[in-house]
Amino acid sequence: MTGASGGLGRAFVEMLLGEGVVVGGTARQISRLAPLGAHGSFYPLEMNLADAASIERCFETALLKLGGFPDLVVNGAGYGAFGTFGELSFDKTRELVQATLIGSLQIAHIAMRQMLPRGTGCLVNVSSVAVEYPLPFMAGYNVTKSGLSALSESLIFETRGSALVVVDFRPGDYRTQFNQSMEVITGKLPATANARLIRAWDVLEKNLAAAPEPARAAADLKRALLRGKSGTYYSGGYFQTRLAPLFSRLAPANLRRAIAARYFGAA
């Protein structure tokens, strides 16, 4: 069971279906799942992550359609709002955290509640390399992904010694509609700050344009699942998923911050 409306979620669905897996795919607007409807092993499910009752109903429907609780739950909600934390509407930040962190926590709780008694199952929490390298002017997104990774670490500890698998899947940049779905706030900022936002946004756009296609993330997730072991798995370009995490562990925090500021034009 996984999100399926687009981006990485859609790629995960296509990979799983290609492996002969029966998949329940979720979306807030179920009409967005129509392209997948022709596949006999795909079951569309409506879920609004901002609505706790909707999440519960979705899993109840999945039990009926899939003939039982899914063996694999991919918890991968993600969107952002771009702008300085103080200028963004706090209602927007609260909405973002509700959907992408609180909603994800609820999904993980439902999964654990079902998987623990039977002693098997796999929960994948899709966080981000932003856990180690927070994205500039995206405080809400950084908070939600860091929280999701902290949840994974907690569950990996709690399920140690059992057959349950908990995966903290940390993708880097991928060529999706992520930036196009964000709310961009720049209009009310002072000219100097506005210029910094524009430079940072240009870097983010450039990175996404040069990023790999989502199918690569699906292939990386497949490899992680086949290992059958809990842990943190990275996905994306070599720099973001190999060199950057190593540098994050070894370099002093002030050096990391200085390099990030220079890289995003905020030095």
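Note that the structure is a prediction, hence the values are computed from the model and not measured.

**Some thoughts on helix 2 (residues 52-66)**
Under the 1.5 Å per step criterion, the end-to-end length of helix 2 is 21 Å for 15 residues, consistent within 8% with the ideal 21 Å. Within the sequence span of helix 2, burial applies to Ser54, Ile55, Cys58, Phe59 and Ala62. The buried side chains of helix 2 occupy one side of the element, clustering within an arc of 135° when seen end-on. Its buried side turned inward, helix 2 meets strand 2 (23-27), strand 3 (42-46), strand 4 (72-75) and helix 3 (90-118).

**Some thoughts on the side chain of Arg170**
Counting through the fold element by element, Arg170 comes out in strand 7 (residues 165-171). A distance of 3.4 Å separates the side chain of Arg170 from the side chain of Ser149, its partner in a polar contact. If sequence neighbours within four positions are ignored, Arg170 has contacts with Ser127, Ser128, Val129, Val131, Glu132, Ser149, Thr232, Tyr233, Tyr234 and Ser235.

**A short note on the pattern of salt bridges**
Enumeration over the complete set of coordinates arrives at nine salt bridges. In this structure, Glu95 engages Lys92 in a salt bridge whose closest nitrogen and oxygen atoms are separated by 3.7 Å. You can see Glu95 and its partner Lys92 sitting in helix 3, three residues apart, about one turn around the helix. You can call Glu95 partly exposed: its relative accessible area is 40%.

**With respect to the environment of Thr144**
Relative to the elements of secondary structure, Thr144 occurs in helix 4 (residues 139-158). Remark: the alpha-carbon pair of Thr144 and Ser128, spanning 16 residues in sequence, is separated by 9.8 Å. From its side chain, Thr144 meets the backbone oxygen of Tyr141 in a polar contact 2.8 Å long.

**Quick word on the pairing of strand 6 (residues 122-126)**
In summary, the side chains of a regular strand alternate between the two faces of the sheet. With five of five residues buried, strand 6 lies mostly within the body of the structure. Burial along strand 6 is two-sided: Cys122, Val124 and Val126 facing one way and Leu123 and Asn125 facing the other are all buried. The pairing of strand 6 with strand 7 spans five bridges and is classified as parallel. In the strand pairing of strand 7, Asn125 is matched with Asp168.

**Observations regarding the packing of helix 1 (residues 7-18) against helix 6 (residues 214-227)**
Running from N to C, helix 1 and helix 6 cross one another at 55°; their axes reach a closest spacing of 8 Å. Here helix 1 lies oblique to helix 6, going by the angle between them. In this structure, the crossing between helix 1 and helix 6 has a hand that is right-handed. Within the contact between the two elements, helix 1 uses Gly7, Leu8, Ala11, Phe12 and Met15 and helix 6 uses Pro214, Ala215, Ala217, Ala218, Leu221 and Lys222. Residue composition of the contact of helix 1 with helix 6, by class: nine nonpolar, one polar and one charged.

**Let's talk about the environment of Thr2**
Here Thr2 shows up in strand 1 (residues 2-3). The class of Thr2 is buried, set by a relative accessible area of 4%. Spatially, the C-alpha atoms of Thr2 and Glu19 are 15 Å apart, while their sequence positions differ by 17 residues.

**A short note on a nonpolar patch on the surface**
Taken together, the side chains of Tyr238, Phe239 and Leu243 present a nonpolar region at the surface, about 370 Å² in accessible area. Considering the arrangement of structural elements, one finds Tyr238 in helix 7 (residues 238-250). Judged by relative accessible area, which is 57%, Tyr238 ranks as exposed.

**Observations regarding the environment of Leu151**
Of note, Leu151 is situated in helix 4. Expressed as a C-alpha distance, the spacing of Leu151 and Gln177, which sit 26 residues apart in the sequence, is 26 Å. Those residues in contact with Leu151 that sit more than four places away from it in its chain are Leu105, Ala108 and Asn125.

Rules and cut-offs
Residues numbered from 1 in each chain as written. Predicted model: local features only at pLDDT ≥ 70, side-chain atom pairs only at ≥ 80, totals over all residues. Heavy atoms only, no water. Helix = DSSP H or I, 4+ residues; strand = E, 2+ residues; numbered from the N terminus. Expected span 1.5 Å × (residues − 1). Buried < 20%, exposed > 50% of the residue type's maximum accessible area, 1.4 Å probe, protein only. Arc of directions from axis to C-beta. Contact = heavy atoms within 4.5 Å. Polar contact = N/O pair within 3.5 Å; in protein donor to acceptor, adjacent residues only side chain to side chain. Salt bridge = Lys/Arg side-chain N within 4 Å of Asp/Glu carboxyl O. Pairing = 2+ DSSP bridges. Axes fitted to C-alpha atoms, helices over the stretch in contact; angles between N-to-C directions. Parallel < 35°, antiparallel > 145°, perpendicular 65-115°, else oblique. Left-handed = near helix turned anticlockwise from the far one by under 90°. Nonpolar A, V, L, I, M, F, W, Y, C, P; charged D, E, K, R; others polar. Patch = residues over 30% accessible without salt bridge, like charges linked within 9 Å, V, L, I, M, F, W, Y side chains within 5 Å. Areas by Shrake-Rupley, 256 points an atom, 1.4 Å probe, with all protein chains shown as cover.

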